[in-house]
Amino acid sequence: MTEPQLHVLADPALAVGELLADAARGGEAIVLTGGSTPGKAYMHAAALEPDWSAASVWWSDERCVPPDDERSNYGLAKRTLLDRLAHQPEVHRIRGELDPADASGEYGKKLEGVALDLLLVGLGPDGHVASLFPHSPQLDERERLVTSGPAGLEPFVDRVTMTLHALLSARRIVFLISGAAKADAVERAFRGAITPEVPASLLRDGDAPIDVYLDPAASGG
Ligand code: 6PG
């Protein structure tokens, strides 16, 4: 079991941008995430380190939309990070334009045997992490690295997501969270019981260190 370290900062995206830039310099296998929060961290990381050629990037989850759709998690990272780099990393995106089961199968095969160094994730107001929603059957997948299913929150498009098994294989886990709407979920995910009612809490059930970067509003302050 891991005790998460909480870092309350006025602008946590800047600290996470630095972590990403360091990981890129170190040639790490970096797992990116989606949502509205990480774009600023990606832009900061690209400004700090424009050469990501030693690194590889993966995604924790994807919305089942084409890569140029504004809801695409890959699309977010392309606009805010990849398009701003002088030298690209190896990019392993989830193909959201495919049938969800096919995209999940394809991505699962690519992930086999890959050692993930840094997992960046956000936290949903309902406690979801990646696209693992409270009490969803996807939480029970114990063998596959990737699965798919419906969304529990907006945008309501099917999702392809790493399973707990894959998320917990990362060497270290970093959460980036902002806004008062997340304060209750922060309390439940990092200080409450480890339970499928709060999928993010289940990441505490592994050995990987967890650092949570959050702003004062998300910390309930
Ligand atoms: C997604 C995600 C999801 C996200 C959280 C936080 O595709 O939506 O990967 O898990 O990280 O919902 O999202 P916000 O940054 O929008 O709050």
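Note: the structure precedes this text.
Conventions and cut-offs
- Residues numbered from 1 in each chain as written.
- Predicted model: local features only at pLDDT ≥ 70, side-chain atom pairs only at ≥ 80, totals over all residues.
- Heavy atoms only, no water.
- Helix = DSSP H or I, 4+ residues; strand = E, 2+ residues; numbered from the N terminus.
- Rg over C-alpha atoms; globule rule 2.2 N^0.38 Å.
- Contact = heavy atoms within 4.5 Å.
- Phe/Tyr/Trp six-rings, centres within 6.5 Å; stacked < 30°, edge-to-face > 60°.
- Buried < 20%, exposed > 50% of the residue type's maximum accessible area, 1.4 Å probe, protein only.
- Lys NZ or Arg CZ within 6 Å of the ring centre and 35° of its normal.
- Expected span 1.5 Å × (residues − 1).
- Arc of directions from axis to C-beta.
- Polar contact = N/O pair within 3.5 Å; in protein donor to acceptor, adjacent residues only side chain to side chain.

*Asks:* Describe the overall build of the chain, and please don't skip the residues or the numbers.
*Replies:* The number of helices and strands found in the chain is six helices and ten strands. Computed over the C-alpha atoms, the radius of gyration of the chain is 16 Å, within 12% of the 17 Å expected from 2.2 N^0.38 for a compact globule of 221 residues. On the principal axes, the C-alpha backbone points of the chain span a range of 45 × 40 × 30 Å. Looking at the chain alone, contacts between residues at least 24 apart form 75% of all its contacts between residues at least 6 apart.

*Asks:* Lay out the packing of aromatic side chains in plain terms, naming residues and giving numbers.
*Replies:* For the structure shown, the criterion picks out three aromatic pairs. Consider the rings of W59 and Y74, whose centres lie 5.6 Å apart with planes at 65°: the pair is edge-to-face. Of this pair, W59 sits in strand β3 (residues 56–59) while Y74 is found in helix α3 (residues 73–80), placing the two residues 15 residues apart along the sequence. Note on Y74: relative accessible area 14%, which makes it buried. Look at F175 and F190: their rings are 4.9 Å apart centre to centre, the planes differ by 80°, and that puts the pair in the edge-to-face class. Taken together, the residues span a long stretch of sequence, with F175 in strand β9 (residues 172–177) and F190 in helix α6 (residues 183–190) at a distance of 15 residues. Of the two residues, F175 and F190, both sit in the buried class. Of note, R93 hangs over the ring of Y74, and the distance from its end group to the ring centre comes to 5.3 Å.

*Asks:* Mind laying out helix α4 (residues 100–111), listing which residues take part and the relevant values?
*Replies:* Counted at 1.5 Å a residue, the expected span for α4 with its twelve residues is 16 Å, and the 16 Å between its end C-alpha atoms agrees. Buried residues of α4: P100, A103, S104, Y107, G108 and L111, and no others. In a view along the axis of α4, the buried residues occupy a sector of 130°, so they form one face of it. Elements in contact with the buried residues of α4: β3, β7 (146–149) and β8 (159–162). Of the residues flanking the start of α4, the one acting as N-cap is D99, its side-chain oxygen 3.2 Å from the backbone nitrogen of A101. G113 lies just past α4 and shows a positive phi near 75°.

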